[in-house]
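Okay, here's what each chain looks like letter by letter:
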Amino acid sequence: MQINATLINLYHICKRECWLHSHGITMEHTSDTVYDGKLLHENSYSGRSEKHSEMIVEAIYNGISLTGKVDFYDSRQKIIHETKRGNKVEQAHVWQVKFYLWMFQLNGIEGATAILEYPLLRKIDRVELTVDDIRYLIHAVSEIASLKNSDHCPSVINAKICESCSYFELCYVGESI
Ligand code: SF4
């Protein structure tokens, strides 16, 4: 089984979204949010891409294959940089980069930290990985593995975030929230 950073991110937003995505039901190509995010990333740090490129990180934990794509890694300073669109700081972003830091540790790279960059907010957040974070990530990975193995799609969450979710029509067809 493989669990990637997207699933870690979605797990913290909505378990139903995590389940749908993990079962191959993807609608992101219709999402302006995702498209805008790609554009923003390309435009915000266009100078960086000449020197740095995205990096695939992989690790194995308890027989589960973990993988993710880091925006860019400054190996000299041991800092992961992750750029996020939008005008909101989300816990899901923090757990996504903590997941990267954990995979780095599983590959023997100790002491790395991360920076979350929000160009629209002109804000950066520094992220470190603690022992408690690792315990939590182990729990999250186990829960996501259960979601992937389950035929049961979790219920809708009736949250504000649903309005900007690419699964909105799928989840609420014929309903109003
Ligand atoms: S629309 Fe809401 S309930 Fe449905 S997947 Fe998206 S966030 Fe989850």
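Source: prediction; values computed, not measured. (Residues numbered from 1 in each chain as written. Predicted model: local features only at pLDDT ≥ 70, side-chain atom pairs only at ≥ 80, totals over all residues. Heavy atoms only, no water.)

Trainee: How do you make sense of the sheet that holds strand β2 (residues 55-61) when you look at a structure like this?
Mentor: In a beta sheet, neighbouring strands pair by backbone hydrogen bonds and run either parallel or antiparallel. Spatially, 3 strands are ordered β1-β3-β2 in an open sheet, and the strand pairing comes out mixed. With partners counted over all chains shown, the strands left at the sheet margins are β1 (2-4) and β2, one partner each. On average, each strand axis in the sheet is inclined to that of its neighbour by 25°, with strand direction left out of account. Pairing analysis gives 3 bridges linking β1 to strand β3 (residues 64-70), with the strands arranged parallel. Bridge pairing links Ile3 to Leu66 in β3. (Pairing = 2+ DSSP bridges. Helix = DSSP H or I, 4+ residues; strand = E, 2+ residues; numbered from the N terminus. Axes fitted to C-alpha atoms, helices over the stretch in contact; angles between N-to-C directions.)

Trainee: I'm lost on the nonpolar core in this one. Help?
Mentor: The nonpolar side chains of a soluble globular protein tend to be buried, and buried together. Counting residues in each nonpolar core, the largest one holds 44 residues, and the members touching the most others are Ile3, Leu66, Ile80, Phe99, Tyr100, Trp102 and Val141. Ranked by the residues each element gives to this core, the list is headed by helix α5 (residues 91-106), at 9 residues. Those residues within four positions of Val141 in sequence are excluded, and the remaining contacts are Ile3, Ile8, Ile64, Leu66, Phe99 and Trp102. (Core = buried A, V, L, I, M, F, W, Y, C linked by side-chain atoms within 4.5 Å. Buried < 20%, exposed > 50% of the residue type's maximum accessible area, 1.4 Å probe, protein only. Contact = heavy atoms within 4.5 Å.)

Trainee: Would you take a moment to explain the packing of helix α1 (residues 5-13) against helix α2 (residues 15-22) for this structure?
Mentor: Helix-helix packing is characterised by the crossing angle of the two axes and by the distance between the axes. Contact pair α1 / α2: the axes reach a minimum separation of 6 Å and the direction vectors enclose 150°. What the angle tells us is that α1 and α2 run roughly antiparallel. For the pair α1 and α2, the contacting residues are Thr6, Leu7, Leu10, Tyr11 and Ile13 in the first and Lys15, Glu17, Cys18, His21 and Ser22 in the second. A class-by-class count of the residues in the contact of α1 with α2 yields 5 nonpolar, 3 polar and 2 charged. (Parallel < 35°, antiparallel > 145°, perpendicular 65-115°, else oblique. Nonpolar A, V, L, I, M, F, W, Y, C, P; charged D, E, K, R; others polar.)

Trainee: Could you clarify how one ought to interpret the pattern of salt bridges in this entry?
Mentor: All told, the structure shown has 6 salt bridges when counted by the stated rule. Across the pair Glu54 and Lys69 runs a salt bridge, and its minimum N-O distance is 3.8 Å. Within this pair, whereas Glu54 is found in the loop between α4 (48-51) and β2, its partner Lys69 is found in strand β3, the two being separated by 15 residues in sequence. In this structure Glu54 comes out as partly exposed when scored by relative accessible area, which is 42%. Asp132 is the salt-bridge partner of Arg135, the closest N and O atoms lying 2.5 Å from each other. Taken together, the positions of Arg135 and Asp132, both in helix α6 (residues 131-149) and 3 residues apart, correspond to about one turn of that helix. Among the residues examined, Arg135 registers a relative accessible area of 53% and is labelled exposed. (Salt bridge = Lys/Arg side-chain N within 4 Å of Asp/Glu carboxyl O.)

Just distances and angles here, no functional claims.
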